[in-house]
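# Understanding the architecture of this molecule
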Amino acid sequence: MARAGLTADRLAAAAAELADEVGFENVSLSALARRFGVKDASLYSHVRNLQELRTRVALLAGGEMIDRIAAAVAGRAGKDALVAFADAYREYALQHPGRYAATQIRVDQALVADSPAMRRTAEITYGMLRAYGLEEPDLTDAVRLLRSTFHGYCALESTGAFGAPRAVQESWERAIDALHVALVNWPRNEHDRRPPQLSP
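Residues numbered from 1 in each chain as written. Predicted model: local features only at pLDDT ≥ 70, side-chain atom pairs only at ≥ 80, totals over all residues. Heavy atoms only, no water.

### A closer look at the packing of helix α8 (residues 138-158) against helix α9 (residues 168-184)
The N-to-C vectors of α8 and α9 enclose an angle of 170°; their axes lie 12 Å apart at closest approach. The angle between the axes of α8 and α9 places the two elements in the roughly antiparallel class. Residues A142, L145, L146, T149, F150, Y153 and E157 of α8 touch α9, and the partners they reach there are V168, S171, W172, I176, L179 and L183. Of the residues contributing to the contact of α8 with α9, the split by class is 10 nonpolar, 2 polar and 1 charged. (Axes fitted to C-alpha atoms, helices over the stretch in contact; angles between N-to-C directions. Helix = DSSP H or I, 4+ residues; strand = E, 2+ residues; numbered from the N terminus. Parallel < 35°, antiparallel > 145°, perpendicular 65-115°, else oblique. Contact = heavy atoms within 4.5 Å. Nonpolar A, V, L, I, M, F, W, Y, C, P; charged D, E, K, R; others polar.)

### Considering the nonpolar core
If you look at soluble globular proteins, the nonpolar side chains tend to sit buried side by side. In terms of nonpolar packing, the biggest core is built from 35 residues, with I69, L82, L129, F150 and L183 touching the most fellow members. It is helix α4 (residues 78-95) that contributes the most residues to this core, 9 residues altogether. Not counting the four nearest positions on each side in its chain, F150 is found in contact with L82, F85, A86, Y89, W172, I176 and L179. Core analysis: the next-biggest nonpolar cluster, separate from the first, contains 25 residues, A14, A31, V57 and M118 among them. (Core = buried A, V, L, I, M, F, W, Y, C linked by side-chain atoms within 4.5 Å. Buried < 20%, exposed > 50% of the residue type's maximum accessible area, 1.4 Å probe, protein only.)

### Here we look at the packing of aromatic side chains
Using the criterion set out here, one finds 6 aromatic pairs in the structure. With a centroid separation of 6.2 Å and an interplanar angle of 35°, the aromatic rings of F85 and F150 are classed as tilted. In this pair, F85 sits in helix α4 while F150 sits in helix α8, placing the two residues 65 residues apart along the sequence. Pairing F150 with W172 gives two aromatic rings, centres 5.9 Å apart and planes at 45°, and the pair type is tilted. Placement of the pair is F150 in helix α8 and W172 in helix α9, with a sequence separation of 22 residues. By relative accessible area, W172 is classed as buried at 1%. Over the ring of F24 we find R54, and its NZ or CZ is 5.5 Å from the ring centre. (Phe/Tyr/Trp six-rings, centres within 6.5 Å; stacked < 30°, edge-to-face > 60°. Lys NZ or Arg CZ within 6 Å of the ring centre and 35° of its normal.)

### Things to note about the environment of R188
Along the chain, the position of R188 falls in the segment after α9. Along the chain, R188 and D138 lie 50 residues apart, while their C-alpha atoms are 8.5 Å from each other.

### A short note on the packing of α4 against helix α7 (residues 116-130)
In a pair of packed helices, the angle between the axes and the distance between the axes together describe the arrangement. Direction vectors running N to C along α4 and α7 enclose 145°, while the axes themselves pass 9 Å from each other. Like other packed secondary-structure pairs, α4 and α7 cross with a definite hand, here left-handed. Residue-level contacts link A81, L82 and F85 of α4 to I124, T125 and M128 of α7. For the contact of α4 with α7, the per-class residue count stands at 5 nonpolar, 1 polar and no charged. (Left-handed = near helix turned anticlockwise from the far one by under 90°.)

### Some words on the pattern of salt bridges
Tallied over the entire structure, the rule returns 13 salt bridges. Across the pair R56 and D9 runs a salt bridge whose closest N-O atoms are separated by 4.0 Å. Taken together, the residues span a long stretch of sequence, with R56 in helix α3 (residues 50-73) and D9 in helix α1 (residues 8-22) at a distance of 47 residues. You can call D9 exposed: its relative accessible area is 58%. Between R56 and E52 there is a salt bridge; the shortest N-O distance is 3.0 Å. Highlighted residues: R56 and E52, both in helix α3, separated by 4 residues, approximately one helical turn. The network of salt bridges with common partners includes D9, R48, E52 and R56. (Salt bridge = Lys/Arg side-chain N within 4 Å of Asp/Glu carboxyl O.)

Below is the structure:
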């Protein structure tokens, strides 16, 4: 029987909080049940398994993150939009490490296609890059470049891996400057046209 007050959305929100506290990889149904003071079995009326719970956290976090990014880039274009996008991405990743880790898991493409937040992520990201005059397949290549740069930087920064005396913020700003130059001077080659993917 379903526990009164428990819902799939409430469980996902609690799991997101737990992820920020103990790490996304340490989120479990047992840990979540303890947080609510119920037995593990009580959760199965709302989520089928741990994979579904983690997917729900990923979609929740992805929605939160794109809301921040959308607010930051509103009314901006070109380099201004790129800087705002990158800064909002980094801020979310560092403030919510567990939630951010959830956004990096692979989610079934059918769920991605049905998620308004994921569609919005694609629209905002590709829209920003189209301002640089990019079309497919260069758009997808550019999205992958940005994602790998942002993710790599945030992952290293979050673990204190940057040991040189140079200020991390200054290196971040130069990295975004370099990405802007790369986007402006993107190599123009003839490619087969392919439709954009929602999660490069």
